[in-house]
Amino acid sequence: MSIDAIGSVGGIAPLSALSPLTAAMNTTDTNAPTAAGPAAGANFGNMVAQGLQKLQDTQNTADNLAVEAATGRLTDVHDYIIAATEASLATSLTVAVRNKALDAFNEIMRMQA
Amino acid sequence: MTIFGAIGIAGTGVTVYRKWLDAVADNVANINDAVPTSGQAFRARYIQAQAVRYGDGDGGVVVAGTALGDPKGRLVYEPENPIADREGYVKYPDIDLGSQMTQLIMAQRAYQANLTVVDRAKDSYQAAIQVGKG
């Protein structure tokens, strides 16, 4: 199972729509904590990309062990079960992080209404 | 250190006890191997477990090696056995079936315990992922 398509999300651009907001905050109140600039956005993108790469690795491990089980080369039954469990947990975690990020973005988008 | 550490650590334990089960199975399977008194009796296999340091390494346990039993075995008087020597003795491996059965139960229970740790760790991580939902 390949999830390369999701990997492209890793290249997500920093939230450029927020830049005017940051500028506005800086002009109205100079004492406000400097909001996360484009650099922080890029870091978040990298973080997401790394997380997806690790998820891809766990999925590959589980897939390889599944093939070994099917072809009779698997020496330890639990190796596959553990790899599949880890892959399932990693997927759940990635989806949870994705949902949280999406919720935060939606919350910010609602501010203009 | 990986993100789901407890699962991996318990997994190394399952591997070690699987090997212990294999060793006991091998010892029990060969418990009645008779050899001539001039030869070497079957040597029982004993698994030696060793801890992987948590912090430096990933934690968990590995099989450091296999210790072998005494090749001298024990002499049994079986004059009707075709491989018996002039006095009528053959050599059997010096393995105690009761001890092997005890080890079998220990290995089986430890195997199950480690799998239970995997299961509980999975439930715990799932609960952590569920935080804030709904």
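Anything mentioned here points back to the structure above.
These lines cover the structure that appears in this document, whether it is placed above or below. (Residues numbered from 1 in each chain as written. Chains lettered and ligands numbered in written order. Predicted model: local features only at pLDDT ≥ 70, side-chain atom pairs only at ≥ 80, totals over all residues.)

Focus on the overall build of chain A
In step 1: Scanning chain A for helices and strands turns up four helices and zero strands.
In step 2: Listing each helix as α and each strand as β along chain A from the N terminus yields α-α-α-α.
In step 3: Here chain A holds 113 residues, and 13% of them are scored as buried.
In step 4: Looking at chain A alone, contacts between residues at least 24 apart form 64% of all its contacts between residues at least 6 apart. (Helix = DSSP H or I, 4+ residues; strand = E, 2+ residues; numbered from the N terminus. Buried ≥ 20, exposed ≤ 12 C-beta atoms within 10 Å, placed from the backbone. Contact = placed C-beta atoms within 7 Å.)

What to know about the environment of Leu115(B)
In step 1: Tracing the sequence through the fold places Leu115(B) in helix H2 (residues 97-130).
In step 2: On the basis of neighbour count, Leu115(B) is assigned to the partly exposed category, with 18 C-beta atoms found within 10 Å.
In step 3: Setting aside residues up to four positions removed in sequence, Leu115(B) forms contacts with His78(A) and Val14(B).

Observations regarding the packing of helix H4 (residues 77-109) of chain A against helix H1 (residues 5-29) of chain B
In step 1: Contact geometry for H4(A) and H1(B): axes closest at 10 Å, N-to-C directions at 175 degrees. In terms of orientation, H4(A) lies roughly antiparallel with respect to H1(B). Of the residues in H1(B), those touching H4(A) at His78(A), Ile82(A), Thr85(A) and Glu86(A) are Ile7(B), Gly11(B) and Val14(B).
In step 2: Here the residues of the contact of H4(A) with H1(B) are counted per class, giving three nonpolar, three polar and one charged. (Axes fitted to C-alpha atoms, helices over the stretch in contact; angles between N-to-C directions. Parallel < 35°, antiparallel > 145°, perpendicular 65-115°, else oblique. Nonpolar A, V, L, I, M, F, W, Y, C, P; charged D, E, K, R; others polar.)

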